[in-house]
Amino acid sequence: MKTSPPAGQVLRGTVHLEGFGLHTGSAAILDIEPAAQGRGRVFIRDDLPGRPEITAGIAQVHHRQQCTGLRQGKAEVLTVEHLLAALAGLGIWDAIIRLSGPELPILDGSAAPFVEALLRAGLRPGSIPSSFFKLMHPVQVQQDDSWIRLEPASSLELDGHLEFEHIMLQDQRFSFVFGQDDFARELAPARTFGFLKDEERLRKAGLAKGASLENAVVIDDFSILNPEGLRFANEFARHKVLDLLGDLSLLGKPLLAKVKSHKAGHGLHHDLIRKLSSESQEHKIVQMDQMSNDPLLMVCPPELHRA
Ligand SMILES: [Zn+2]
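Residues numbered from 1 in each chain as written. Predicted model: local features only at pLDDT ≥ 70, side-chain atom pairs only at ≥ 80, totals over all residues.

A.B. asks: Quick question: what am I supposed to make of helix H1 (residues 81-90) here?
C.D. replies: One full turn of an α-helix is made of 3.6 residues, so residues set three or four places apart face in the same direction. Within H1, ten of the ten residues are buried, which leaves the element mostly enclosed by the surrounding structure. Listing the buried residues of H1 in full gives Glu-81, His-82, Leu-83, Leu-84, Ala-85, Ala-86, Leu-87, Ala-88, Gly-89 and Leu-90. (Buried ≥ 20, exposed ≤ 12 C-beta atoms within 10 Å, placed from the backbone. Helix = DSSP H or I, 4+ residues; strand = E, 2+ residues; numbered from the N terminus.)

Below, the structure is given as structure tokens:
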């Protein structure tokens with residue numbers, strides 16, 4: 001039986017990637033190494049004195065405009081969502097992520113280069129016991145006309161809907177079901193996107209300094225500026241779902257829920273994971289019995305990854 005969503009995959013080798021940050025434009029050298037079970041996904045800022053650690057957990061979420069930032073003590077990492085989505089999509093929940101620079105490399109703007117590098121390094125599937133965060137009742141967060149609604153489910157289903165006042169993006173949707181759809185092919189390659197009219201405002205705000213047609217889909221008033229066009233007709237909605245997966249993974253384990261998101265961004269994703277964390281006693285941690293692969297409800301209280 002296919003685990004849905006995947007959990008318990010162990011990284012066998014190491015990954016080395018270099019690039020620059022989308023928002024800061026800073027050089028970024030990234031090395032991902034296997035970690036002991038239960039260590040979680042831990043960033044180490046190799047470029048700072050004392051090499052501080054930053055755990056990918058809810059307590060570390062430090063909201064930044066246009067991306068997800070994590071902060072622990074004085075150390076911060078920016079734009080973690082695409083790498084976290086790649087790890088979650090492949091079922092890797094323990095990894096040491098060494099980073100020289102303040103921001104993850106944007107690479108091609110999607111999670112595909114991370115996924116390809118992690119698969120090249122090798123994975124050992126299902127080699128450790130897995131646990132899941134099982135939603136036990138509906139949950140909703142809302143901000144103006146944006147909302148995210150969750151319902152209990154036996155898998156992770158993500159449905160992203162976006163609406164912009166733009167002729168190409170008035171109504172776009174994508175749904176992804178773990179255990180049924182192919183993460184590496186259907187979700188990981190969807191690139192980040194931005195509007196040309198916002199570029200000057202973002203740059204004045206100190207953002208998008210590294211953005212280009214090499215790492216983002218850029219849209220003017222009527223068309224897509226990238227000469228290669230889109231990877232999927234609904235690439236924008238797919239990328240929203242990818243961002244949602246990365247942010248949800250800050251729970252520290254795979255979520256079992258049906259998640260519908262409407263016009264949501266990182267700010268609302270962060271509200272959602274904080275709400276789930278604050279009411280974690282009302283939900284359940286489900287252990288995967290490796291012999292039968294049947295999820296069994298455990299009576300133990302949930303332990304979220306808050307270290
Ligand atoms: Zn993104």
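A.B. asks: Would you mind going over the domain arrangement of the protein with me for this structure?
C.D. replies: Often, the extent of an interface is quoted as the loss of accessible area upon association of its parts. Domain boundaries assigned for the protein yield domain 1 (10-124) and domain 2 (131-297). For domain 1 versus domain 2, the separation of C-alpha centres amounts to 18 Å. Facing the 32 residues of domain 1 at the interface are 33 residues of domain 2. Where the side of domain 1 that touches domain 2 is concerned, the elements lending two or more residues are strand S6 (61-64), strand S7 (67-72), H1 and helix H2 (112-121). When residues of the side of domain 1 that touches domain 2 are assigned to their parent elements, the largest contribution, seven residues, is made by H1. The class makeup of the residues in the side of domain 1 that touches domain 2 is 16 nonpolar, 14 polar and two charged. (Domains from an automatic or database assignment. Contact = placed C-beta atoms within 7 Å. Nonpolar A, V, L, I, M, F, W, Y, C, P; charged D, E, K, R; others polar.)

A.B. asks: Sorry, what's going on with the pairing of S7 here?
C.D. replies: Of all six residues in S7, five are buried, a share of seventy percent or more. Pairing between S6 and S7: four bridges, direction antiparallel. Pairing of Arg-64 across the sheet is with Cys-67, part of S7. Between S6 and the antiparallel strand that follows it, S7, lie two residues; Gln-66 among them carries a positive phi value of about 70°. Inspection of the sheet shows S7 paired to strand S8 (residues 75-77) by three bridges, in the antiparallel sense. By the bridge assignment for S8, Arg-71 is matched with Glu-76. What sits between the antiparallel neighbours S7 and S8 is a turn of two residues, in which Gly-73 has the positive phi angle 60°. (Pairing = 2+ DSSP bridges.)

A.B. asks: What exactly am I supposed to notice about the nonpolar core here?
C.D. replies: Most often, soluble globular proteins keep nonpolar side chains buried together rather than apart. Residues Ala-86 and Val-241 are the most contacted members of the largest nonpolar core, which totals 71 residues. No fewer than three residues from each of domain 1 (10-124) and domain 2 (131-297) sit in this core. Counting residues in hydrophobic clusters, the runner-up holds nine residues, among them Leu-107, Leu-207, Ala-216 and Val-217. (Core = buried A, V, L, I, M, F, W, Y, C linked by C-beta atoms within 7 Å.)

A.B. asks: Help me out: how do you make sense of the pairing of strand S3 (residues 27-34) in this one?
C.D. replies: Along any regular strand, the residues point their side chains to alternate faces of the sheet. Pairing geometry for strand S2 (residues 15-20) and S3, over six bridges, is antiparallel. Within S3, the residue paired with Val-15 across the bridge is Ile-32. The hairpin turn running from S2 into S3, its antiparallel successor, is six residues long, and Gly-25 in that turn takes a positive phi close to 75°. Two strands pair when backbone bridges link them, and S3 and strand S9 (residues 95-100) are joined in this way by six bridges, in the antiparallel orientation.

A.B. asks: Where do I start with the packing of H1 against H2 in this structure?
C.D. replies: A pair of packed helices is captured by two measures, namely the crossing angle of their axes and the spacing between those axes. Here H1 crosses H2 at 45°, and the two axes come no closer than 9 Å. The orientation of H1 with respect to H2, classified from their angle, is oblique. Considering only the axes of H1 and H2, their crossing is right-handed. The segment H1 lies against H2, with His-82, Leu-83, Ala-86, Gly-89 and Leu-90 engaging Phe-114, Val-115 and Leu-118. When the residues that make up the contact of H1 with H2 are grouped by side-chain class, the tally is six nonpolar, two polar and no charged. (Axes fitted to C-alpha atoms, helices over the stretch in contact; angles between N-to-C directions. Parallel < 35°, antiparallel > 145°, perpendicular 65-115°, else oblique. Left-handed = near helix turned anticlockwise from the far one by under 90°.)

A.B. asks: Explain the environment of Ala-184 to me, please; I cannot follow it from the model alone.
C.D. replies: Relative to the helices and strands, Ala-184 resides in helix H3 (residues 183-187). Taking the C-beta count within 10 Å as the criterion, Ala-184 has 16 such neighbours and is therefore assigned partly exposed.

A.B. asks: What is the right way to read the environment of Phe-193 from this model?
C.D. replies: Counting through the fold element by element, Phe-193 comes out in strand S16 (residues 193-195). A count of 18 C-beta atoms within 10 Å places Phe-193 in the partly exposed class. Sequence-wise, Phe-193 and Ile-219 are 26 residues apart; in three dimensions their C-alpha atoms are separated by 7.7 Å.

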